[in-house]
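Residue strings, one per chain:
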Amino acid sequence: MHIPSNFYESLASHLLEQNRLSQADLVRVQRLREQIEGGSLPALLMKDQAGGDGLPELLIRLGVCSERDIAQAIAEISGLELVKNEEYPFDPPLGDAVSIRFFKEYKLSVLECSDDELVVAMVDPSKTTALNALSIVFDKDIKLKIGVLTEINDALERQFNAGRSDMDRLIEGMQDDNPDEEDIEYLKDMASEAPVVR
């Protein structure tokens, strides 16, 4: 599996050719990427970016392309198969050997695990660090497919959080000495939405 170094440029060109992205929106996204890489954005956004957001994620987050358009375009230019929603298993193929945090960080999900191969769905196939890590840890080849971001996230929630409430997941996450800012913000949101008892 080889992803070319100009993958993002190829993706942008393909989206433009297919009229799924306007030139004005592309310029806006490029300026944002330059600001992020130059360190001129607020620290919070930089923290989010450290999680690995590349061009596909930025296009989605800014709302200039739909998740499905991005996935379809990546599948078309890479020659990789686009995952159907029903392909995501209910149970995690690797059990609890890998945390949901890793999968969400790299926006990927394992579809199948055989004796010698892991079939993985991923939003951005240029994030090869995660794929290499899985291959080394489990001593298996990686077969990569392209997934739609929401479908990957929904599958992860089903696999790792089935039958558990939001509060259960937060309590477990807060066991760490340094809870995630995301967890803290979510607690604040829940508290602000709770009815006032007088």
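Owing to the predicted nature of the structure, the values given are computational and were not obtained by experimental measurement.

About the cut-offs
- For every chain, the first residue of the written sequence is number 1, and numbering continues from 1 along that sequence.
- Selection of residues for local features in this predicted model requires a pLDDT of at least 70, selection of side-chain atom pairs for listing and counting requires 80 or more, and totals for whole chains, interfaces and linings are taken over all residues.
- Hydrogens and waters are ignored; side-chain quantities use all the structure's heavy atoms.
- Here a strand is any run of E in DSSP of at least two residues, a helix any run of H or I of at least four, and the numbering for each starts at the N terminus.
- Burial classification: accessible surface area is computed with a 1.4 Å probe over protein chains only, and a residue below 20% of its type maximum counts as buried, one above 50% as exposed, and the rest as partly exposed.
- In this analysis, two residues are considered to be in contact whenever any of their non-hydrogen atoms come within 4.5 Å of each other.
- Working definition of accessibility: Shrake-Rupley area with a 1.4 Å probe, residue cover restricted to the visible protein chains.
- Each residue carries a pLDDT value, the predictor's own confidence for that position, ranging from 0 to 100.
- Any pair of Phe, Tyr and Trp rings, taking the six-membered ring for Trp, is counted once the centres come within 6.5 Å. Such a pair is stacked with planes under 30 degrees apart, edge-to-face with planes over 60 apart, and tilted for the rest.
- DSSP calls a pair of strands paired once it identifies at least 2 bridges connecting them.
- Lines are fitted to the C-alpha atoms to define the axes, a helix being fitted only along its stretch in contact, and any angle between axes, read from their N-to-C directions, falls within 0 to 180 degrees.
- Orientation is classified from the angle alone, with under 35 degrees giving roughly parallel, over 145 giving roughly antiparallel, 65 to 115 giving roughly perpendicular, and any other angle giving oblique.
- Note: crossing handedness is left-handed where the near helix turns anticlockwise from the far helix by less than a right angle, and right-handed where it turns clockwise.
- Nonpolar residues are Ala, Val, Leu, Ile, Met, Phe, Trp, Tyr, Cys and Pro. Charged residues are Asp, Glu, Lys and Arg, and all others, Gly as well, are polar.
- Think of a patch as exposed residues, more than 30% relative accessible area, with no salt bridge, where like charges cluster within 9 Å and nonpolar side chains (Val, Leu, Ile, Met, Phe, Trp, Tyr) cluster within 5 Å.
- Salt bridges are counted wherever a side-chain nitrogen of Lys or Arg sits within 4 Å of a carboxyl oxygen of Asp or Glu.
- When charges are counted, Lys and Arg contribute as positive and Asp and Glu as negative, whereas His and the chain ends are disregarded.
- A single reference atom marks each charge: NZ on Lys, CZ on Arg, CG on Asp, CD on Glu.

### Some details on the overall build of the chain
- When you go through the chain residue by residue, the secondary structure sums to 10 helices and 3 strands.
- Going from the N terminus to the C terminus, the chain shows its helices and strands as α-α-α-α-α-α-β-β-α-β-α-α-α.
- Each of the 198 residues in the chain was classed as buried or not, and the buried ones make up 37%.
- Put simply, 63% of the contacts in the chain that link residues at least 6 apart link residues at least 24 apart.
- Per element, the accessible surface of the chain, about 11,500 Å² overall, is 48% carbon and sulfur.

### Comments concerning the confidence of the model for the chain
- Mean pLDDT over the chain works out to 81, with 71% of the residues at or above the 70 mark.
- Ignoring residues within four places in sequence, the model shows residues 40–51, a span with pLDDT below 50, making 15 contacts including any to other chains.
- Low pLDDT, under 50, characterises residues 194–198; the stretch is placed with 0 contacts to residues that sit more than four places away or in other chains.

### Examining the packing of aromatic side chains
- Tallied over the entire structure, the rule returns 4 aromatic pairs.
- Geometrically, the ring pair formed by Phe-102 and Tyr-106 is tilted, given 5.2 Å between the ring centres and 50° between the ring planes. Note that Phe-102 and Tyr-106 are positioned in helix α6 (residues 100–106) at a spacing of 4 residues, about one turn of the helix.
- The class of Tyr-106 is partly exposed, set by a relative accessible area of 26%.
- Each residue in the set Phe-102, Phe-103, Tyr-106 and Phe-160 is aromatic and connected to the rest through ring pairs, giving one cluster.

### Describing the sheet that holds strand β3 (residues 141–146)
- Read from one edge to the other, the open sheet built from 3 strands follows the order β1-β2-β3, with strand pairing classed as mixed. The open sheet terminates on both sides in strands that have one partner only, identified here as β1 (108–113) and β3. Averaged over all neighbouring strand pairs, the angle between strand axes comes to 30°, with direction disregarded.
- In this structure, β1 lies alongside strand β2 (residues 117–122), joined through 5 bridges in antiparallel fashion. Residue pairing across strands places Glu-112 opposite Val-119, the latter belonging to β2.
- Most of the contacts of helix α8 (residues 149–161) go to β1, to which it runs at about 65°, and overall it touches β1 and β2.

### With respect to the packing of helix α1 (residues 7–17) against helix α5 (residues 67–78)
- Between α1 and α5, whose axes approach to 10 Å, the crossing angle comes to 115°. As far as their axial angle goes, α5 and α1 are roughly perpendicular. Of the two possible hands of crossing, α1 and α5 adopt the one that is right-handed. Touching Phe-7, Ser-10, Leu-11, His-14 and Leu-15 of α1 are Asp-69, Ile-70, Ala-73, Ile-74, Glu-76 and Ile-77, all from α5.
- Within the contact of α1 with α5, the residues separate by chemical class into 7 nonpolar, 2 polar and 2 charged.

### A short note on a negative patch on the surface
- A surface patch of like charges, here negative, comprises Asp-115, Asp-116, Asp-139 and Asp-141.
- Mapped onto the secondary structure, Asp-141 falls in strand β3.
- Taking relative accessible area as the criterion, Asp-141 reaches 54% and is therefore assigned exposed.

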